[in-house]
Amino acid sequence: MRRIRTFLGVLAAGACATALLPGMALAAPTAPYTAFTVNLGEHAPLSVGGSAAYDDSSATMRVGTEPGGSFLIEAVVPGDATDHRTNLVTEPPAGGPWEVGRTYPTAPLSDATHARLDLTSTARRSCAESTGTITVQEVRQDPTSRAVEVFAAVYRFTCAGQPAPITGEIRFNSSLDYVAAVPDRSRLAFEPVRVGESRSTSVEFGSDGTADVQFGAATLAGADPGAFTISEDACSGRVLAPGSSCRVVVTFRPDRVARSTALLQLPDNGPAGRQAVPIEATVTDGAKGTYYPVGPARLLDTRSGLGGRQGKLGPDSSLVLQVAGRAGVPGTGVAAAVLNVTVTGPTAGSFLTVYPAGGPRPTASSVNFAKDWLGSNSVTVQLDPSGRISIYNRAGSTHVVVDVVAFYQGASVAPAGLGQGGQYRPVAPVRLFDSRTDHRGALPAGAALNDWVDFADFGAVDYNGHVKALVLNITAVQPLKDGFLTAWSGEDAPPVISMVNYRAGKVVPNLAYVTTQRCPLVACGAEDAARYMIYSSATTHLVVDLVGVIDDGLVADGLRFRANAPVRIVDSRMGMRLRTLGSGETGRVDLASGPPPGLIDAATQVLATNVTAVAPERNTVFTVWPADAGVAKPASSNLNPEAGQIVSNGVLAGIGPRDAFHVHNLTGRADVVVDVVGGFYLYPGTASAAGAVAGLAGPAAVTPGGGEYVRR
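Residues numbered from 1 in each chain as written. Predicted model: local features only at pLDDT ≥ 70, side-chain atom pairs only at ≥ 80, totals over all residues. Heavy atoms only, no water.

1. Re the environment of Pro 97
Item 1. Examined against the element boundaries, Pro 97 turns out to sit in the loop between strand E6 (84-91) and strand E7 (103-107).
Item 2. Spatially, the C-alpha atoms of Pro 97 and Val 673 are 84 Å apart, while their sequence positions differ by 576 residues.
Item 3. In contact with Pro 97, not counting residues within four places along its chain, are Pro 92, Tyr 104, Gln 141 and Arg 146. (Helix = DSSP H or I, 4+ residues; strand = E, 2+ residues; numbered from the N terminus. Contact = heavy atoms within 4.5 Å.)

Structure representation (C-alpha cells):
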C-alpha cells in the first residue's frame, strides 16, 4: 500500500519512476484502448462530479503501473483556470494476481479478500467508506514483476449511504470495445416553477464509447413520477453508433406547492443496464398570496346608490357586490379583498355577514351592531370566481358602506403593471402614539396626525425602504362629537373614506391597513422610515398600536395569505373551544385538537379573524396574542366593548408553535366569538432557512416617530 500512495503523489506531479504512458490528447480512440467510463446514475456527485467517458478523444490519458498488479489511469481535461483530473486506481487482493472472468469484491484499500477500487476527481475526495466489485474481462501481467500490461474490466463503486452504484468500464492497452452512453447532464433540476406554469428541460445522451449503444423505452420512476411527463423522446428503441446522440425532453407543470422528485430511466446495454437521471423541481406560488394596496376607494354606499344598491338593506336579506375589476382591483386572479365595512342608521340590533357570493352563508359575523349604531370593521373576505361578495343583514334595516383598501393575489402571475406584491410580518404590539399622554392633548377636528416609524433594526435587515403598509389598531377615545378617522400615506389629500367611525364619548377601535410613503431624512430623522397620517373629522383622543408590517415582498420570512370562507372556531356561549371568561381571566384557544379541515397547516403562523365581544358585564378590554411563543400579554387592546354591547374587530391572531392563542378579558364576565377568514403562512420561496418560523418582532425593533398635528 505504501508503494501505490507514493506512486500517486509522483503521478500527480506529472512524472513517474515506473511506467508512465501518456495517450495522444484529442485523438480519435483506436485499438488498443486506454480509457475508462463513469455512469453516475442515481449516485450523488461525491467522489466524481458526473457521468463521462475518458479516452484519447476527450482527455490526456496517463497510466502508471506498479509491480504486483496495481495501476492508475488519470484523465486530464484542460480547463480555463486549472486542468480537471479524474483518477481511477485499482489493485488485486494482497498477494494475488488478476484473473480473467473473476469478480472481486472491492474496498477503498486492498486486503487478502478485497481488491482496491478508488475513483476521485479534482476537488473531490475519496469516499470514507465504499463497496463495489470489479469483473476482469482481459488481463496480461509481466511474468516476473506481475505489472499490468493489458487490462479490461467492468466495475461498480458505491459510496456509503448511496442508493445505487457508479458503474463503468476500464481499458488499458485493450482491444475490447466498450459501451458508453453519457448524458450531458447528471441531474435535471427545474428552477423554481410557479403553480400552473409549464417548464421543460432536456437531456442529451451521447454514444461516447467504441461500441453501439442500444436503448430501450424511456420511463419515469421515483417518488413523484406523475408530476412530470416525457414530452419528447428521440432515444427509446434507438441504436446509437459511436459519435451520435439523441435527446429526451421532460416537462413539469405543477398544480400545487411541493418539492417533487423523480427518475428518468432509459435501459441500455452498458454495465448498469440503464441510464438513470434524477429529476427534482421546486414550486413557488409566484405572486400568489401577496398583498397589493389600492385606493382606498368606495365600492358601495346604499345611501347614494353607489355599487348598485340604493336604500337600506332589510332584515334577513342579502346583496351581491362586485369587487374585482373596480377601484384598482384587477378583474381576474384576485383571491380576497381587504375592506372597511361601515354600518350607519340601523333600526335594530343585528349583524352583517360578508362572504364569497354564490356559496352557502356561513355561521359567522363580520360586523355586529346595536340599534342606531355608527361604526365600521375591517373585513378581509374571499371573492367568488367572478370576483363578487355577498353581504347579509340579520335583523332590522341598515345602510351599508364598503371601502376597499387592498387585495390579495390569487394567481401565480403578478397583476399587470403592479409588480411584486407584499408579504406580512407580525409585530409584538407597539404603541406608536397616545394623545392621552401627549402634551398636545386630543387631536383637533380637521387635523391629522403626521407620524412615522423607524424599522432600521427590524429583523435581520434594515426594513426602512421595504415597507408598503402598516397594520395598525387605531382607536378613537371619547370623541367630542360623532365623526370618523381616515388613515393614509399622507402623500395627497385624505381619501374620501372612513376607517374608524365613532359616536361621541365612545371608545371605538378598528384594525386598519395603512399604506405608507418613504419619509425623507429631514422630515423624519430616519431616512426611508415609513410615514403615515391619520385624519379626524371631530376632536378626539387617538391611540395607535402597530401590530404588523406589509413589506415589499423582498425581505426574508414574510407571510402570505390564504383565504377561506368565514369559519367559526370559538363561541364561549356554548363552550366551543372556550368558556365564558371571568374578570382578569385568560383563555387558551387550542386548534391542535382539530380545526376544520384545511384551515391551518404546518406553515400557518397567523390567522385572520373577526373577534366579537358578546354582552360583557362591564366595560372591558380584550387582548389576543400567541400561546407558547414566549410572548407576554401585550399592553395593548384588540377590542374595547362597553357593558352589554355586542361588537367586533378584525384581529390578526398569531397561533404560536402549538397552534394556539390566548384571549384575555380585563374585567367582568364576558363571552367571545372568533371567526376565521384566512391564514398567513410562511412562504418557502423567501424563507431564510428550512423550517424557519416568522415569529414576532419585538418592540425594541421599532422606533416610533413621535408625530405632529397638521391641518388638512
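2. Looking at the packing of aromatic side chains
Here the distance between the centres and the angle between the planes together describe a pair of aromatic rings.
Item 1. Across all of its chains, the model carries 21 aromatic pairs by this definition.
Item 2. The interplanar angle of 85° and the centroid separation of 5.7 Å between the aromatic rings of Tyr 33 and Tyr 178 together place this pair among those described as edge-to-face. One end of the pair, Tyr 33, is in strand E2 (residues 33-38); the other, Tyr 178, is in the loop between strand E11 (166-174) and strand E12 (181-183), and 145 residues separate them in sequence.
Item 3. Judged by relative accessible area, Tyr 33 falls into the buried class, the value being 10%.
Item 4. Owing to a relative accessible area of 2%, Tyr 178 belongs among the buried residues under this scheme.
Item 5. For the ring pair Tyr 424 and Phe 680, a centre distance of 4.8 Å and an interplane angle of 40° mean the geometry is tilted. Note that Tyr 424 is positioned in strand E30 (residues 424-434) and Phe 680 in strand E45 (residues 671-682), a separation of 256 residues in sequence. (Phe/Tyr/Trp six-rings, centres within 6.5 Å; stacked < 30°, edge-to-face > 60°. Buried < 20%, exposed > 50% of the residue type's maximum accessible area, 1.4 Å probe, protein only.)

3. Description of the nonpolar core
Item 1. By size, the foremost hydrophobic cluster in this structure holds 59 residues, and its most contacted members are Phe 455, Ile 474, Tyr 513, Tyr 532 and Phe 680.
Item 2. For this core, the element with the most residues is strand E32 (residues 467-477), which contributes seven residues.
Item 3. Filtering out sequence-adjacent residues up to four positions away, Phe 680 remains in contact with Tyr 408, Tyr 424, Tyr 513, Leu 559, Arg 560, Phe 561, Ala 603, Thr 604, Gln 605, Val 606, Ala 608 and Leu 652.
Item 4. Counting 55 residues, the second-largest nonpolar core is a separate cluster that includes Val 334, Val 400, Val 611 and Val 676. (Core = buried A, V, L, I, M, F, W, Y, C linked by side-chain atoms within 4.5 Å.)

4. Considering the pattern of salt bridges
Item 1. Inspection of the entire model under this criterion finds 25 salt bridges.
Item 2. We note a salt bridge from Asp 545 to Arg 431, for which the minimum N-O separation is 2.7 Å. One end of the pair, Asp 545, is in strand E38 (residues 541-551); the other, Arg 431, is in strand E30, and 114 residues separate them in sequence.
Item 3. Put simply, Arg 503 and Asp 482 hold a salt bridge, and the shortest N to O gap is 2.6 Å. Placement of Arg 503 in the loop between strand E34 (500-502) and strand E35 (507-515) and of Asp 482 in the loop between E32 and strand E33 (483-488) is noted, with a sequence separation of 21 residues between them.
Item 4. Overlapping salt bridges bring together Arg 298, Asp 301, Arg 303 and Asp 403 as one network. (Salt bridge = Lys/Arg side-chain N within 4 Å of Asp/Glu carboxyl O.)

5. Side note on the pairing of E30
Item 1. Of all 11 residues in E30, nine are buried; the element is thus mostly enclosed.
Item 2. Bridging between E30 and E38 involves seven bridges; their strand directions are antiparallel. Following the sheet pairing, Tyr 424 is matched in E38 by Ile 550. (Pairing = 2+ DSSP bridges.)

6. Notes on unusual backbone geometry
Item 1. Omega for the peptide link from Ala 31 to Pro 32 comes to -5°, which places this bond in the cis form.
Item 2. Among the structural elements, Pro 32 can be located in the loop between strand E1 (19-20) and E2.
Item 3. Although it is not a glycine, Asp 372 adopts a positive phi angle of roughly 65°.
Item 4. Mapped onto the fold, Asp 372 is located in the loop between strand E26 (367-369) and strand E27 (374-382).

7. Quick notes on the pairing of strand E20 (residues 260-267)
Item 1. With six of eight residues buried, E20 lies mostly within the body of the structure.
Item 2. The sheet contact formed by strand E16 (residues 219-221) and E20 spans three bridges and is antiparallel. Bridging across to E20, Thr 219 finds its partner in Gln 265.
Item 3. Relative to strand E21 (residues 274-284), E20 runs antiparallel, the two being bridged by eight bridges. By the bridge assignment for E21, Leu 266 is matched with Gln 275.
Item 4. Between E20 and E21, which pair antiparallel one after the other, the connecting turn spans six residues, and Gly 273 there sits at a positive phi close to 80°.

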